[in-house]
Amino acid sequence: MLLDSNLSEAKEGKRISAKGYAVSHKSDTFKPYEFSRHALGEKDILIEILYAGICHSDIHSARSEWKEGIYPMVPGHEIAGKVVAVGSKVSKFKIGDYAGVGCMVNSCGECEACKASNEQYCERGMVATYDCYDYFHNNEPTFGGYSNNIVVSENFAVTVPKDAPLEKVAPLLCAGITTYAPLKFSQVKPGDKIAVAGFGGLGMMAVKYAVQMGAEVYVFARNKKKEQDALTMGAKKLYDSTDSKVVRERFDLIISTIPTPYNIADYLKLLKLGGEMGIVGLPPTEVEPKIGAAGLIFNAHKKVYGSLIGGMKETQEMLDFSLKHKIYPETEIISASQINEAYENLTSGRARFRYVIDMGTLE
Ligand SMILES: [Zn+2]
Ligand SMILES: [Zn+2]
């Protein structure tokens, strides 16, 4: 819930007080945490956060599994809420609109990547929504969505229509764009044969988008338990990932969402000549999959690339596409006090759906 004082703070150009849940070191559990955000700039909006998704990257970040984290850390980069204050030069939003914020809150705005709305590949580095030093605001650390509000440049918020299911919009801002972007980058067209490797939250989104784009979609999963889910989503077939060595199908594109160790070359073999493999799943650093010169040469004339979320223009396009075709992640709403439990379930593989925190439950 928004603090009463926030609106006057915004109006008076003061720092915005906020509260949420934070960890104070990498093996800590989440505890209530009070902090403040930078004042509302002329191009900024203040959003009352209504829903925040829990992404697996939040866990990697909170536990310093990719890099040493900045603590105290308030994770959360799948944010949906209501605009409650706008800076004097804001043109895209007015008070009462719904807005979403994903993995970044700013970028240099001047480099070639930024000019092409590939802000995530900014040459100076994007300012990530949390666990990052904000070079626009005296290098203060950024705090994410497990909280009651966020102040963000309007250029880094997407517009959300009033009738959209906000609790489903939140996770689209990471899981959705992460899988939508490589499908667009590889220019998927009707009839293309696509395999999605890894069938967790990201894999499911990739399948739904690829099916909607008219592709013939196949899934590789750790076991066949989720076969019916895959078929219901429109996939042609689900293979056990150990089948990758014997499968005879050849694909135009493979999207790997696998978050655990695997052999990239096993999948390259399954591409048609000229085919592409887009990697979006990121296992912890010490078990990262690798491919050597031989793996590339003996799979010649196939392309492997990585893909990191998407630019702001593309994120808006993804959201509009998802709402139009009702493509949403499977979600489970939890209260703010259940974050620790959700992390345990996610780590042990017990979580079935994407957890979304109802921020109205924050006390
Ligand atoms: Zn994420
Ligand atoms: Zn830039």
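Quick caveat: nothing in here was measured; it's all calculated off a predicted structure.

## Here we look at the side chain of aspartate 44
Argument step 1. With respect to the helices, strands and loops of the structure, aspartate 44 is situated in strand E3 (residues 44–53).
Argument step 2. Lysine 43 provides the closest opposite charge to the buried, salt-bridge-free aspartate 44, at an N-O distance of 8.9 Å.
Argument step 3. Polar side-chain contacts of aspartate 44 include one of 2.8 Å to the backbone nitrogen of glycine 41.
Argument step 4. Of note is the side chain of aspartate 44, whose polar atom sits 3.4 Å from the backbone nitrogen of serine 153.
Argument step 5. When near neighbours in sequence (up to four residues on either side) are disregarded, aspartate 44 contacts His38, Ala39, Val86, Gly87, Val90, Val151, Val152, Ser153 and Glu154.

## Description of the packing of helix H4 (residues 166–185) against helix H9 (residues 312–325)
Argument step 1. Following both chains from N to C, one finds H4 and H9 inclined at 105 degrees, their axes separated by 9 Å at the closest point. With respect to their mutual orientation, H4 and H9 come out roughly perpendicular. Contact residues: H4 offers Val169, Leu172, Leu173, Gly176, Ile177, Tyr180, Ala181 and Lys184, while H9 offers Glu314, Thr315, Glu317, Met318, Leu319, Phe321, Ser322 and Leu323.
Argument step 2. For the contact of H4 with H9, the residue count by class is ten nonpolar, three polar and three charged.

## Here we look at the coordination of the zinc ion (ligand 1)
Argument step 1. Bound to the zinc ion (ligand 1) are the protein donor atoms Cys55 (SG), His77 (NE2) and Cys174 (SG), situated 2.1 to 2.2 Å from the metal.
Argument step 2. All donors of the zinc ion (ligand 1) belong to a single chain; written as a sequence motif, their spacing is C-x21-H-x96-C. Of the two residues, cysteine 55 is situated in the loop between E3 and helix H2 (56–62) and cysteine 174 in helix H4; the sequence distance between them amounts to 119 residues.

## Focus: the domain arrangement of the chain
Argument step 1. By domain assignment, the chain separates into domain 1 (5–165 + 328–361) and domain 2 (176–306).
Argument step 2. The gap between the C-alpha centroids of domain 1 and domain 2 is 29 Å.
Argument step 3. Listed per partner, the contact involves six residues of domain 1 and seven residues of domain 2.
Argument step 4. When domain 1 packs against domain 2, close to 630 Å² is buried across both sides, 53% of that on carbon and sulfur atoms.
Argument step 5. For glutamate 330, the salt bridge identified is with lysine 208, shortest N-O distance 3.0 Å.
Argument step 6. For the pair domain 1 and domain 2, the interface holds three residue pairs in polar contact (both at pLDDT 80 or more).
Argument step 7. Considering only residue class, the side of domain 1 that touches domain 2 consists of three nonpolar, one polar and two charged.

## Overview of the nonpolar core
It is characteristic of soluble globular proteins that their nonpolar side chains tend to be buried jointly.
Argument step 1. With 100 residues, the main nonpolar core has Ile45, Ile54, Tyr146, Leu183, Phe199 and Tyr209 as its most contacted residues.
Argument step 2. Two domains each put at least three residues into this core: domain 1 (5–165 + 328–361) and domain 2 (176–306).
Argument step 3. If we skip the residues at most four places from it in the chain, leucine 183 touches Val188, Ile194, Ala206, Tyr209, Ala210, Met213, Leu253 and Ile255.
Argument step 4. Counting 17 residues, the second-largest nonpolar core is a separate cluster that includes Val247, Phe251, Leu268 and Leu271.

## Structural notes on the coordination of the zinc ion (ligand 2)
Argument step 1. Donor atoms from the polypeptide that bind the zinc ion (ligand 2) are Cys108 (SG), Cys111 (SG), Cys114 (SG) and Cys122 (SG), placed at 2.3 to 2.4 Å.
Argument step 2. For the zinc ion (ligand 2), the four donor atoms in the first shell make angles of 103 to 120 degrees at the metal, so the coordination geometry reads as tetrahedral.
Argument step 3. Counting residues between consecutive donors of the zinc ion (ligand 2) along the chain gives the motif C-x2-C-x2-C-x7-C. Pair check on accessibility: cysteine 108 and cysteine 111 agree, each one buried.

## Observations regarding the pairing of strand E1 (residues 16–22)
Argument step 1. The buried fraction of E1 is high, at six of seven residues.
Argument step 2. For E1 and strand E2 (residues 31–37), the ladder comprises seven bridges, and the chain directions are antiparallel. From the neighbouring strand, isoleucine 16 faces E2, where its bridge partner is arginine 37.

## Details of the sheet that holds strand E13 (residues 216–221)
Argument step 1. If you walk across this open sheet you meet the six strands as E14-E13-E12-E15-E16-E17, and the pairing is parallel. The open sheet is flanked by strand E14 (237–240) and strand E17 (303–306), the only strands paired with a single partner. Pairwise comparison of adjacent strand axes, ignoring direction, gives a mean angle of 20 degrees for this sheet.
Argument step 2. Two strands pair when backbone bridges link them, and strand E12 (residues 193–197) and strand E15 (residues 251–256) are joined in this way by four bridges, in the parallel orientation. From the neighbouring strand, isoleucine 194 faces E15, where its bridge partner is leucine 253.
Argument step 3. Sitting on the sheet, H4 touches E12, E15 and E17, and the angle it makes with E15 is about 155 degrees.

## Remarks on the environment of threonine 129
Argument step 1. Within the secondary structure, threonine 129 is located in the loop between strand E7 (127–128) and strand E8 (133–134).
Argument step 2. For the pair threonine 129 and phenylalanine 156, spaced 27 residues apart in sequence, the C-alpha separation works out to 10.0 Å.
Argument step 3. For threonine 129, the contacting residues outside a window of four places in its chain are Gly76, His77, Ile79, Val101, Gly102, Cys103, Met104, Val105, Thr142, Phe143, Gly144 and Ile150.
Argument step 4. In terms of polar contacts, threonine 129 uses its side chain to reach the backbone carbonyl oxygen of glycine 102, at 2.6 Å.

The rules we used
Residues numbered from 1 in each chain as written. Chains lettered and ligands numbered in written order. Predicted model: local features only at pLDDT ≥ 70, side-chain atom pairs only at ≥ 80, totals over all residues. Heavy atoms only, no water. Helix = DSSP H or I, 4+ residues; strand = E, 2+ residues; numbered from the N terminus. Buried < 20%, exposed > 50% of the residue type's maximum accessible area, 1.4 Å probe, protein only. Lys, Arg positive; Asp, Glu negative; His and termini not counted. Salt bridge = Lys/Arg side-chain N within 4 Å of Asp/Glu carboxyl O. Polar contact = N/O pair within 3.5 Å; in protein donor to acceptor, adjacent residues only side chain to side chain. Contact = heavy atoms within 4.5 Å. Axes fitted to C-alpha atoms, helices over the stretch in contact; angles between N-to-C directions. Parallel < 35°, antiparallel > 145°, perpendicular 65-115°, else oblique. Nonpolar A, V, L, I, M, F, W, Y, C, P; charged D, E, K, R; others polar. Donors = N, O, S within 2.8 Å, 3.2 Å for Na, K, Ca; no water. Domains from an automatic or database assignment. Buried area = accessible area lost by both parts, 1.4 Å probe. Core = buried A, V, L, I, M, F, W, Y, C linked by side-chain atoms within 4.5 Å. Tetrahedral: all angles 85-135°; square planar, octahedral: opposite > 155°, others 65-115°. Pairing = 2+ DSSP bridges.

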